[in-house]
Amino acid sequence: MAFPVQSSAAPTSGPMLCGGCGRRVCDRFVLFAAGHMWHEACLRCSLCQCELQAHPSLYCRDGRIYCQQDYCRFHTFFFF
């Protein structure tokens, strides 16, 4: 089961490494999603590669991050 993960600014101490590129995040405000810090440009959907910093929510499943549209398209199961 996957749950929506809200991205937000999160203060922390120590070196912050981007969950996308692995480089140090030095920005005053950072995005925190799916247990990682992110540069704005690195937080992207695993399928369509759209930038997710402006989206109200994103979804994480099996270690991959998705926009709502792609998550619903590829991970929604219908039971009849």
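Residues numbered from 1 in each chain as written. Predicted model: local features only at pLDDT ≥ 70, side-chain atom pairs only at ≥ 80, totals over all residues. Heavy atoms only, no water.

Put simply, the rule is: UniProt positions are given in the numbering used here, feature names are shortened, and annotations may be inferred rather than shown by experiment.
The protein chain is annotated in an unreviewed UniProt entry as LIM zinc-binding domain-containing protein of Scleropages formosus. In its Subcellular location (unreviewed entry) section, UniProt records this for the protein chain: "Nucleus".

Details of the pairing of strand S4 (residues 58–61)
Rules: Strand pairing is defined by DSSP finding a minimum of two bridges between the two strands. Numbering of helices and strands starts at the N terminus; helices are DSSP runs of H or I of at least 4 residues and strands are runs of E of at least 2.
Where S4 lies against strand S5 (residues 64–66), 3 bridges are found, and the strand directions are antiparallel. Bridging across to S5, tyrosine 59 finds its partner in tyrosine 66. Two successive antiparallel strands, S4 and S5, enclose a turn made up of 2 residues, where aspartate 62 displays a positive phi of approximately 55 degrees.

So, the nonpolar core
Basically, it comes down to this: The criterion is simple. A nonpolar core is a set of buried Ala, Val, Leu, Ile, Met, Phe, Trp, Tyr and Cys residues joined through side-chain atoms within 4.5 Å. Throughout, exposure labels follow a simple rule: accessible area from a 1.4 Å probe, protein chains only, divided by the maximum for the residue type, with under 20% read as buried, over 50% as exposed, and the rest as partly exposed. Any two residues having at least one pair of non-hydrogen atoms within 4.5 Å are treated as being in contact.
Formed by 17 residues in total, the largest nonpolar core has its most connected members in Val25, Trp38, Leu43, Leu52, Leu58 and Ile65. Of all the elements in the fold, those that place two or more residues in this core are strand S2 (31–33), strand S3 (36–38), S4 and S5. Excluding residues within four positions of it along the chain, leucine 52 makes contact with Leu43, Arg44, Cys45, Leu58, Ile65, Tyr66 and Cys67.

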